[in-house]
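# Observations on the three-dimensional arrangement
Here are the chains, one letter per residue:
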Amino acid sequence: NAWLNEGFATFLTYAWREYDKGRDAAEYGRRWMISSVRWADESNRRPMVQYYYESDMDLFDSNIYAKGALVLNMLRQMLGYDAFWRTIRHYTNTYQFKNVESQDLKRVFEDVTGQNLDWFFDQWVYTGGLPHLDIKYKYNRRNQHVKLTIRQIQDVASSSLFRLPLTVLIDNGELKEHTVWVEDKETVFDIPCDNRPKMVVFNSGIRVPCKLKMDNSVADLKYQLVNSPSSLDRIWAAHALSKKKGRKIVEYILLDAAKGDSFWGVRKEACIAFGKLKPNINSTDFAWLDNEKDNRVKRAFIGILKHS
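Quick summary incoming for the structure in this document.

### With respect to a nonpolar patch on the surface
- On the surface, M57, F60 and Y65 cluster together into a nonpolar patch covering about 280 Å² of accessible area.
- By relative accessible area, F60 is classed as partly exposed at 32%.

See the structure below:
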């Protein structure tokens, strides 16, 4: 149950950064947590709470720190900020100076919110693995619906089928966010949409840590990179574009993002994505660095020059 210590410490660092530095900076840090948990899942899939180990240090990995923080953040998103922090205050007042186990935290959440969280703790705390989601969508003009097909493709022998509240952001001239509940191996949703959408972002804000397979066009990814309100969704689009090699237009799109995005983290990641294309760089491609005020972005682009 070490995540009750280290996961909380990691989550509260994220929460403080959100308060002190702003949401984009905090979310950029959470992106590291998601990457860390994915790596841990690939190298040593296990539950957050496990009772059999050879060394106590076997417990102290990203399954404890990063995944613990992500689990707490999912609870905060799912239950609402007010209910979440009321629960945390009650939990710390009830168990101060005492030992706790995960069931104690679960019980307090259920007492305060009135919700049964067996399913949530079973899949995120007591079972290993992450959801791997294969997403396809198409627009039905006649019925004015976005048809969304979601398949869970993770190895259920070493993990499980997940129950997931997932957000879908649709730009239909105005931004609308929809929540869908995924529980089966394959689920189909029809989401009302008056016109062909300019953008469909699945699991918007990457609120649920998962591996996502979605075949977006270059035009779709460009629109998301420019217009998504979430910095993590823009970063996701940038790295998805880096896999569209052999197209000069992709280089221009990523360079534009590196020069012009409002958040330094997106500019930095656009530089890294641009470098993955192995572009032929000339002096006009980096003249804009004179006006770049963030050294983290400059370093990312200069790192590309060493390999070009």
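### Some remarks on helix α8 (residues 231-241)
- Counting buried positions over the eleven residues of α8 gives ten, a clear majority of the element.
- Among all positions of α8, only S231, L232, D233, R234, I235, A237, A238, H239, A240 and L241 are buried.

### Overview of the sheet that holds strand β1 (residues 132-140)
- Spatial strand order, β5-β2-β1-β7: four strands in an open sheet with mixed pairing. Looking at the sheet topology across the chains shown, the edges are occupied by β5 (186-192) and β7 (211-214). Across the sheet, the mean angle from the axis of one strand to that of its neighbour is 25°, orientation sign disregarded.
- For β1 and β7, the ladder comprises four bridges, and the chain directions are parallel.

### Some details on the sheet that holds strand β3 (residues 164-171)
- In spatial order, the strands read β4-β3-β6; together these three strands make up an open sheet with antiparallel pairing. Each edge of the open sheet carries a strand with a single partner, namely β4 (175-182) and β6 (199-202). Strand-to-strand twist across the sheet, computed as the mean angle between neighbouring axes with direction ignored, equals 20°.

### Structural notes on a positive patch on the surface
- A grouping of K243, K245, K276 and K278 is seen on the molecular surface, where their side chains present a positively charged patch.
- Relative to the helices and strands, K245 resides in the loop between α8 and α9 (248-260).
- A relative accessible area of 53% places K245 in the exposed class.

What counts, and where the lines are drawn
Residues numbered from 1 in each chain as written. Predicted model: local features only at pLDDT ≥ 70, side-chain atom pairs only at ≥ 80, totals over all residues. Heavy atoms only, no water. Patch = residues over 30% accessible without salt bridge, like charges linked within 9 Å, V, L, I, M, F, W, Y side chains within 5 Å. Areas by Shrake-Rupley, 256 points an atom, 1.4 Å probe, with all protein chains shown as cover. Salt bridge = Lys/Arg side-chain N within 4 Å of Asp/Glu carboxyl O. Buried < 20%, exposed > 50% of the residue type's maximum accessible area, 1.4 Å probe, protein only. Helix = DSSP H or I, 4+ residues; strand = E, 2+ residues; numbered from the N terminus. Pairing = 2+ DSSP bridges. Axes fitted to C-alpha atoms, helices over the stretch in contact; angles between N-to-C directions. Lys, Arg positive; Asp, Glu negative; His and termini not counted. Charge placed at Lys NZ, Arg CZ, Asp CG, Glu CD.

From the geometry alone we can't say anything about function, so treat these as descriptive.
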